[in-house]
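# Architecture and fold: a report
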Amino acid sequence: MYKMFGTIPPNLDLGVSTGEERFSADSVIVTAKLKLGPKGKNIQVTDLQLSLELGGINLELECLFPRNGACCPRKYLKSCNSVLTKTVLRFINRDGNNFVKEFQPEISAKIGVILKDYFNKAIASAESR
């Protein structure tokens, strides 16, 4: 599930879009830099920095640009503005790596929380020396 909102120049309000999403990529390279610190007699991840590179991405977002909060089920990906939806998705899918670079901080923040928790669970019983 995704949620997107915002404006585009000069001052066009895009409203709020939410719906199902599908994502695939031909190549995904994630580089994670971890800082470890003590937690009692054990260790924990104290800092996590992520770098993400994507190649050959394909993103589909259903109900992008609804009308009065409602999707248009008979239109392309249930969007009420098929032309704008195709334009936005073409922009993202055609040059996904630049799109990721633009939104790297937001992507890293969301994924980082999940990975930090996962790593901490994985090393919870490791003793610090």
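Quick caveat: nothing in here was measured; it's all calculated off a predicted structure.

We now examine the overall build of the protein. Along the backbone of the protein there are 3 helices and 4 strands. Mapped from its N terminus to its C terminus, the protein presents α and β elements in the order β-β-β-β-α-α-α. Relative to the globule expectation of 14 Å for 129 residues, the C-alpha radius of gyration of the protein, 19 Å, shows a markedly less compact shape. Taken across its 129 residues, the protein has 23% of its residues classed as buried. Excluding contacts between residues fewer than 6 apart, the proportion of contacts in the protein whose partners are at least 24 apart in sequence is 51%.

Its place among the elements puts lysine 116 in helix H3 (residues 104-122). Once the C-alpha coordinates of lysine 116 and valine 16 are considered, the two residues, 100 residues apart in sequence, prove to be 30 Å apart. A distance of 3.5 Å separates a polar atom in the side chain of lysine 116 from the backbone oxygen of threonine 46.

Another aspect to go through is the state of the cysteines. Summed over the entire model, instances satisfying the criterion amount to 2 disulfides. A sulfur-sulfur distance of 1.9 Å marks the disulfide that ties cysteine 63 to cysteine 71. Looking down the S-S bond of the cysteine 63 and cysteine 71 bridge, the torsion is -105 degrees, so its handedness is left-handed. Take cysteine 71: its relative accessible area is 35%, and that puts it in the partly exposed class. At a sulfur-sulfur separation of 2.0 Å, the disulfide partner of cysteine 72 is cysteine 80. An S-S torsion of about 100 degrees defines the bridge between cysteine 72 and cysteine 80 as right-handed. Its relative accessible area of 7% is what places cysteine 80 among the buried residues.

Attention shifts here to the nonpolar core. The biggest cluster of nonpolar side chains holds 12 residues, and these are Tyr2, Leu52, Leu54, Ile57, Leu59, Leu61, Leu64, Phe65, Leu77, Leu89, Ile92 and Val100. Among the secondary structure elements, those contributing two or more residues to this core are strand S4 (42-61) and helix H1 (82-94). Looking at this core element by element, the count peaks at 5 residues for S4. Residue contacts for leucine 52: discarding those within four places in its chain leaves Val28, Ile29, Val30, Val100, Gln104 and Ile107.

About the criteria used
Residues numbered from 1 in each chain as written. Predicted model: local features only at pLDDT ≥ 70, side-chain atom pairs only at ≥ 80, totals over all residues. Heavy atoms only, no water. Helix = DSSP H or I, 4+ residues; strand = E, 2+ residues; numbered from the N terminus. Rg over C-alpha atoms; globule rule 2.2 N^0.38 Å. Buried < 20%, exposed > 50% of the residue type's maximum accessible area, 1.4 Å probe, protein only. Contact = heavy atoms within 4.5 Å. Polar contact = N/O pair within 3.5 Å; in protein donor to acceptor, adjacent residues only side chain to side chain. Disulfide = S-S within 2.5 Å. Core = buried A, V, L, I, M, F, W, Y, C linked by side-chain atoms within 4.5 Å.

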